[in-house]
Amino acid sequence: MLLKEKVCVIVGAGSLRSIGYATAELFAEHGAKIVVVDVMMDDGLLASIQSSIQAHVSKPISVQGVRCDISKPEACENMVREVLAVQGTIDCLVNSAGIVRSQPILEISEKELDLMFDINLKGAFYLCQSVLKVFAEKKSGSIVNIASLAAQRGGGLVGGSHYAASKGGMLSLTKSIAREFGPLGIRANAICPAMIDTPMLDGLSEDRLKGIIEAIPLKRTGTTREMAGACLFLASELSGFVTGATIDVNGGTHIH
Ligand SMILES: NC(=O)c1ccc[n+]([C@@H]2O[C@H](COP(=O)([O-])OP(=O)(O)OC[C@H]3O[C@@H](n4cnc5c(N)ncnc54)[C@H](O)[C@@H]3O)[C@@H](O)[C@H]2O)c1
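Residues numbered from 1 in each chain as written. Predicted model: local features only at pLDDT ≥ 70, side-chain atom pairs only at ≥ 80, totals over all residues. Heavy atoms only, no water.

A. Up close: the site of the ligand. Around the ligand lies a shell of 28 residues, among which Asp38, Tyr163, Lys167, Ile196 and Thr198 are the nearest. Contact between the ligand and Gly14: an oxygen atom at 3.3 Å from a main-chain N or O atom of the residue. At 2.7 Å, a side-chain N or O of Tyr163 approaches an oxygen atom of the ligand. Burial of the ligand by the protein chains amounts to 92% of its free accessible area of 820 Å². Partitioning the shell around the ligand into residue classes produces 18 nonpolar, 7 polar and 3 charged. (Near = heavy atom within 4 Å. Polar contact = N/O pair within 3.5 Å; in protein donor to acceptor, adjacent residues only side chain to side chain. Areas by Shrake-Rupley, 256 points an atom, 1.4 Å probe, with all protein chains shown as cover. Nonpolar A, V, L, I, M, F, W, Y, C, P; charged D, E, K, R; others polar.)

B. Structural context of the pattern of salt bridges. Tallying each qualifying case throughout the model produces 9 salt bridges. In this structure, Arg225 and Glu29 form a salt bridge, with 2.9 Å as the shortest nitrogen-oxygen distance. Highlighted residues: Arg225 in helix H8 (residues 224–235) and Glu29 in helix H1 (residues 19–29), separated in sequence by 196 residues. Here the salt bridges share partners, and the residues they tie into one network are Glu25, Glu29 and Arg225. (Salt bridge = Lys/Arg side-chain N within 4 Å of Asp/Glu carboxyl O. Helix = DSSP H or I, 4+ residues; strand = E, 2+ residues; numbered from the N terminus.)

C. Region of the structure containing the environment of Asp91. Positionally, Asp91 belongs in the loop between helix H3 (73–87) and strand S4 (92–95). Residue Asp91 is classed as buried on the basis of its relative accessible area of 16%. Taking the C-alpha atoms as reference, Asp91 lies 5.9 Å from Cys8; in sequence the two are 83 residues apart. Look past the residues within four positions of Asp91 in its chain and what remains in contact with it is Glu5, Lys6, Val7, Phe135, Lys138, Gly141 and Ser142. A distance of 2.6 Å separates a polar atom in the side chain of Asp91 from a polar atom in the side chain of Lys138. (Buried < 20%, exposed > 50% of the residue type's maximum accessible area, 1.4 Å probe, protein only. Contact = heavy atoms within 4.5 Å.)

D. Focus on the environment of Val100. Secondary-structure assignment places Val100 in the loop between S4 and helix H4 (110–138). Taking the C-alpha atoms as reference, Val100 lies 25 Å from Ser142; in sequence the two are 42 residues apart. When sequence neighbours within four positions are dropped, the list of residues in contact with Val100 reads Met116, Val158, Gly159, Tyr163 and Met200.

E. Here's a closer look at the state of the cysteines. Across all of its chains, the model carries 0 disulfides by this definition. Cys92 takes part in no disulfide bond, and the closest cysteine sulfur, belonging to Cys8, lies 4.4 Å away. Classification of Cys92 by relative accessible area gives buried; the value is 2%. With no disulfide of its own, Cys231 has Cys92 as its nearest cysteine by sulfur position, at a separation of 8.3 Å. Residue classification places Cys231 among the buried positions, given a relative accessible area of 0%. (Disulfide = S-S within 2.5 Å.)

F. Quick look at the nonpolar core. One finds Val9 and Met79 to be the most contacted residues of the largest nonpolar core, which totals 43 residues. Going through the elements one at a time, strand S1 (7–11), strand S2 (33–38), H3, H4, helix H6 (161–181) and strand S6 (186–193) are the ones with two or more residues in this core. Looking at this core element by element, the count peaks at 10 residues for H4. Among all residues touching Val9, those that are not within four sequence positions of it are Val35, Val37, Met79, Val83, Ile90, Cys92, Leu93 and Val94. Counting residues in each nonpolar core, the second largest holds 36 residues, with Ala24, Ile34, Ala228 and Leu232 among its members. (Core = buried A, V, L, I, M, F, W, Y, C linked by side-chain atoms within 4.5 Å.)

G. Examining unusual backbone geometry more closely. The phi dihedral of Lys139 is positive, around 55°, even though this residue is not glycine. Relative to the helices and strands, Lys139 is located in the loop between H4 and strand S5 (141–146). Looking at Lys139, the relative accessible area reads 52%, which means it is exposed. Phi at Lys219 is positive, roughly 60°, even though this residue is not glycine.

If you want it as structure tokens, here you go:
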């Protein structure tokens, strides 16, 4: 039990196939109190998340669900307020919400660029700001931001330059939080995944997917459970002296 009684807010858990959901499931297995947040959250989705998690945990659990569009600062503030009203505190934030689009640079309109940055970068910023107010008061807390391999290699396998830039900004944001809030005992780390089997890969043709997998040293896609494992490490005291770090979960696709 690495997260016993810890209140963990997992943002971007809007599908049972997402990295966010798998993280919620693994954290629950480790004794965490789970809050799932997504722009898609509704009663039906929460019920399916709750029953799916319950199937993995022996004692009865109650999952809190909050609908939140992270691109709106007031929505992030309200989400944190709702969580505090029910749970009393927050110990960990995993931000796994995001969108991906793939277009050549010269075809990206201002509207598309704004949407990408509003969700992936500004959304992460607002979420962290809202949660850091709670963490600063209690002088503890851990933030795990899910960035992307695209931030490291210059776009990529799935995302275009606007996606890569948004995720690069997320890495810089994470390092800045680690530096500014480290003295308060607050940690912030990022994960750069690639080719994890989620709805984000659904747009790839079979041939393209095969070609990409051939170039991955481990010769397969990753599972959401494997991403959840990296999140568990960063959320828990197993990583107590790790902050400002970026962990690769990419099957060896990008070896520095
Ligand atoms: N799957 C991969 O191979 C891969 C690779 C690199 C990075 N990532 C990153 O991992 C994270 C999780 O992605 P995933 O693969 O689980 O895909 P996913 O599409 O299943 O999960 C993303 C979730 O974010 C939610 N979301 C989108 N906009 C939102 C908003 N404005 N407010 C709140 N929630 C919003 C979606 O509803 C969805 O549930 C994303 O940030 C993605 O960029 C994934």
